[in-house]
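Each chain is listed here by its residues.
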Amino acid sequence: MDQSSGEPKLTLRLVVDEEKNKVVLAEADRDFVDVLFSLVTLPMGTIVRLLENHRKSESVTIGCFGNLYKSVVDMGVDDFETEACKQMLVRPGSLRDVQCKRLKLSINPTDDVKYFECSSLTSCKMLSDFSTSQCRCGKLMKEEVKLREKVEDKIQNGVFVRGRSSFIITDDLIVAIRSTDLILKKLKSAGCGDLSKVGERLIDIGFEEVMTLLQCIFSSNAPLTDALLKKQIPQGLKTCQTPSPYTVRESDESEQVITLSVIMSKHDMKVLYVECGEDFVDLVFTFLAVPLENVLQTSGNNSNFGCIGNLLKSFNDLRATQVSTSEAVIPHYYKCQKQLLNIITAKRQSLVRTSDSEPMVLIDPKSNGNDQSTTEESGFAKRDTKFIVSDDLVITPMNSSSTFCLLKKLQIQAEDLEVQEISISKTEATSLLRASLLTSSALNAALWSLIAKKPEKET
Ligand SMILES: [Zn+2]
């Protein structure tokens, strides 16, 4: 696939410290800033998929997200409730897709939103977002439907950014409206008050450059320098400090909880893995549908996140539509029985066909045929299945793995093992989402406080 010829290119003006070969700042127009901001609106699963396709041989390490995504890809369709469950995790849908179609350069081109019905056409009045769903009449819902509603968004000019300003972008991705005053301040703070040391370069930005930039925002503290000037991606994960567990617990008796068995090594009280049912796996799978911006926002404090945090803050300052809530809104079909994250699933609407007046019911593609009446029970993973989830979020159905082999692989003596039952609620779910981005030891980071509270059992 040739993505380099005939593709739209944007131009970026880099102000470079020639001695250090380092970007001081970039001057950009709105089109480029929209492309940059679109990166933080991508669902985490999409980011992993794009980076894996781009890098081919190398595996992607963004905290635990590479492992999590691979677990979904590796699991058989039988381990999910329906085929659509796997589809929606491997290629997460986003409510931003409509907006992103107007980008001058998109690294994640998407099809128009489509709906499907069964071949009984008028009689069943049921719609699915996926062509693999089974209708209540038993037929496959694979006929595309033309609907009256057109999904449009209100912003006329630009995609995310309001107004027609031009912008400056610092090497650590703070974006601001351009002014001479600001440029002078940045030059001085970069030690480039002497303009003779500073040069200017015009860089063409295409698919390749944006992909490299996407990679660098997770691995570099100077993404513009690394992606556009040196054209090299720093190896390994830019490890942020291990996130501290929340200390304040909101006590709410009615709060939903998920119960897990934690398998730990006694000598260092480390979580090795958890054994769990489908609820916990559904929760962790949902992480793939959460946009990057909301992984950061639901965690409250962005200061841990380096240049991704800077980019997000700039996005919130400059975006055309102000967000009133830190909660992510994701498509309706991600709604699960237990919702422990600060995310909202869009309402399931009734839609009307162009040639008809009666509303059609949009189904939950996670359940099939006659199960659709009991939508409350739905989730991604096969019901009544036990799973093993490792510290770095590799998920395996227990029927396809051997506990004995796993313990041997972990090189743990039986007498050093301890099993604890714990219940997690919203606090730990949010911690786990954040930890999944920041560390490869997510379970330990998120569950530590629950485990530490328990007195060590005497043997
Ligand atoms: Zn039907």
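Per an unreviewed UniProt entry, the protein chain goes by the name DUF674 domain-containing protein and belongs to Microthlaspi erraticum.

Engineer: Summarise helix 1 (residues 30–41); cite the residues concerned and give the values.
Structural biologist: For helix 1, spanning 12 residues, the distance from its first C-alpha to its last is 16 Å, which sits close to the expected 16 Å at 1.5 Å a residue. Summarising burial for helix 1: 11 of the 12 residues are buried, a large majority. Buried within helix 1 are the following residues: Arg30, Phe32, Val33, Asp34, Val35, Leu36, Phe37, Ser38, Leu39, Val40 and Thr41.

Engineer: Describe empty space enclosed by the protein, and please don't skip the residues or the numbers.
Structural biologist: Counted under the stated rule, the structure contains 4 cavities of 30 Å³ or more. What the largest cavity holds in volume is close to 120 Å³. Lining the largest cavity we find 17 residues, and of these Leu42, Cys100, Leu103, Ser106 and Asn108 sit closest to its centre. At the level of elements, helix 1 and helix 5 (97–100) are the ones that each hand at least two residues to the lining of the largest cavity. Examining the composition of the lining of the largest cavity, we find that 4 residues originate from one element, helix 1, more than from any other. Class assignment for the residues of the lining of the largest cavity results in 9 nonpolar, 6 polar and 2 charged.

Engineer: Break down the coordination of the zinc ion for me, citing the residues and quoting the values.
Structural biologist: The coordination sphere of the zinc ion contains the protein donors Cys118 (SG), Cys124 (SG), Cys135 (SG) and Cys137 (SG), at a distance range of 2.3 to 2.4 Å. Each of the 4 donor atoms bound to the zinc ion contributes to angles spanning 106 to 112°, and the resulting shape is tetrahedral. All donors of the zinc ion come from a single chain, and their spacing in sequence reads C-x5-C-x10-C-x1-C. An identical accessibility class is assigned to Cys118 and Cys124; each is buried.

Engineer: Explain the sheet that holds strand 4 (residues 126–127) residue by residue, including any values.
Structural biologist: With mixed pairing, 3 strands are arranged side by side in an open sheet as 4-14-13. Every other strand in the sheet has two partners, leaving strand 4 and strand 13 (350–352) as the edge strands with one partner each. Relative to strand 14 (residues 359–362), strand 4 runs parallel, the two being bridged by 2 bridges. Following the sheet pairing, Met126 is matched in strand 14 by Val361.

Engineer: An account of the state of the cysteines is requested, with residue identities and associated values reported.
Structural biologist: Going through the model one piece at a time under the given rule, you end up with 0 disulfides. Cys336 provides the cysteine sulfur closest to Cys85, a residue in no disulfide bond, and the two sulfurs are 8.2 Å apart. Judged by relative accessible area, which is 0%, Cys85 ranks as buried.

Engineer: Break down the sheet that holds strand 9 (residues 258–265) for me, citing the residues and quoting the values.
Structural biologist: The strand order across the open sheet formed by 5 strands is 16-15-10-9-17, and the pairing between neighbours is antiparallel. The open sheet terminates on both sides in strands that have one partner only, identified here as strand 16 (395–397) and strand 17 (417–424). Adjacent strand axes in the sheet meet at a mean angle of 25° when their direction is disregarded. Here 5 bridges tie strand 9 to strand 10 (residues 270–276), and the two strands are oriented antiparallel to one another. Its bridge partner being in strand 10, Ser265 is matched across the sheet by Lys270.

Engineer: So what's going on with the side chain of Thr385? Residues and values would help.
Structural biologist: By the element assignment, Thr385 lies in the loop between strand 14 and strand 15 (387–390). Separated by 3.0 Å, the side chain of Thr385 and the backbone oxygen of Lys382 make a polar contact. Residues in contact with Thr385, not counting those within four places in the same chain, are Cys276, Gly277 and Glu278.

Engineer: Can you break down the confidence of the model for the protein chain residue by residue, with the values?
Structural biologist: Close reading of the predicted structure is inappropriate where its pLDDT is low. Residues of the protein chain with pLDDT of at least 70 account for 85%, and the chain-wide mean is 85. Low pLDDT (under 50) marks residues 238–242, which in the prediction has 10 contacts with non-local residues, meaning those over four places away or in another chain.

Engineer: Any details on unusual backbone geometry? Residues and values, ideally.
Structural biologist: The phi angle of most residues is negative, glycine excepted, and most peptide bonds adopt the trans form. Phi at Leu173 is positive, roughly 70°, even though this residue is not glycine. The backbone phi angle of Asp384 is positive, close to 55°, even though this residue is not glycine. Relative to the elements of secondary structure, Asp384 occurs in the loop between strand 14 and strand 15.

Engineer: So what's going on with the pattern of salt bridges? Residues and values would help.
Structural biologist: Pairing between side chains of opposite charge can happen when their charged atoms approach one another. The tally for this structure, following the rule as stated, stands at 16 salt bridges. When the shortest N-O distance is used, the salt bridge between Lys104 and Asp31 registers 3.1 Å. Highlighted residues: Lys104 in the loop between helix 5 and strand 3 (115–117) and Asp31 in helix 1, separated in sequence by 73 residues. Asp317 is the salt-bridge partner of Lys313, the closest N and O atoms lying 3.1 Å from each other. A residue pair is termed a helical-turn pair when its members lie 3 or 4 positions apart in one helix, as Lys313 and Asp317 do in helix 11 (residues 306–318) at 4 residues. When salt bridges with common partners are traced through the structure, they connect Arg96, Glu293 and Arg319 into a single cluster.

Engineer: Give a description of the nonpolar core that names residues and reports values.
Structural biologist: Core analysis: the biggest nonpolar cluster contains 114 residues, and Phe280 and Phe285 have the highest contact counts within it. Top contributing element to this core by residue count: helix 7 (residues 207–219), with 8 residues. Ignoring sequence-local partners within four residues, the contact set of Phe280 consists of Ile258, Leu260, Val274, Val389, Ile424, Leu432 and Leu443. By size, the runner-up hydrophobic cluster in this structure holds 8 residues, among which are Val24, Leu187, Cys192 and Val198.

The rules behind the values
- Residues numbered from 1 in each chain as written.
- Predicted model: local features only at pLDDT ≥ 70, side-chain atom pairs only at ≥ 80, totals over all residues.
- Heavy atoms only, no water.
- Helix = DSSP H or I, 4+ residues; strand = E, 2+ residues; numbered from the N terminus.
- Expected span 1.5 Å × (residues − 1).
- Buried < 20%, exposed > 50% of the residue type's maximum accessible area, 1.4 Å probe, protein only.
- 1 Å grid on protein atoms, 1.4 Å probe; cavity = no way out; pocket = protein on both sides within 12 Å on 5 of 7 lines; lining within 4 Å.
- Points joined across faces, edges and corners; volume = space filled by probe spheres on them.
- Nonpolar A, V, L, I, M, F, W, Y, C, P; charged D, E, K, R; others polar.
- Donors = N, O, S within 2.8 Å, 3.2 Å for Na, K, Ca; no water.
- Tetrahedral: all angles 85-135°; square planar, octahedral: opposite > 155°, others 65-115°.
- Pairing = 2+ DSSP bridges.
- Disulfide = S-S within 2.5 Å.
- Axes fitted to C-alpha atoms, helices over the stretch in contact; angles between N-to-C directions.
- Polar contact = N/O pair within 3.5 Å; in protein donor to acceptor, adjacent residues only side chain to side chain.
- Contact = heavy atoms within 4.5 Å.
- pLDDT = per-residue confidence, 0-100.
- Salt bridge = Lys/Arg side-chain N within 4 Å of Asp/Glu carboxyl O.
- Core = buried A, V, L, I, M, F, W, Y, C linked by side-chain atoms within 4.5 Å.

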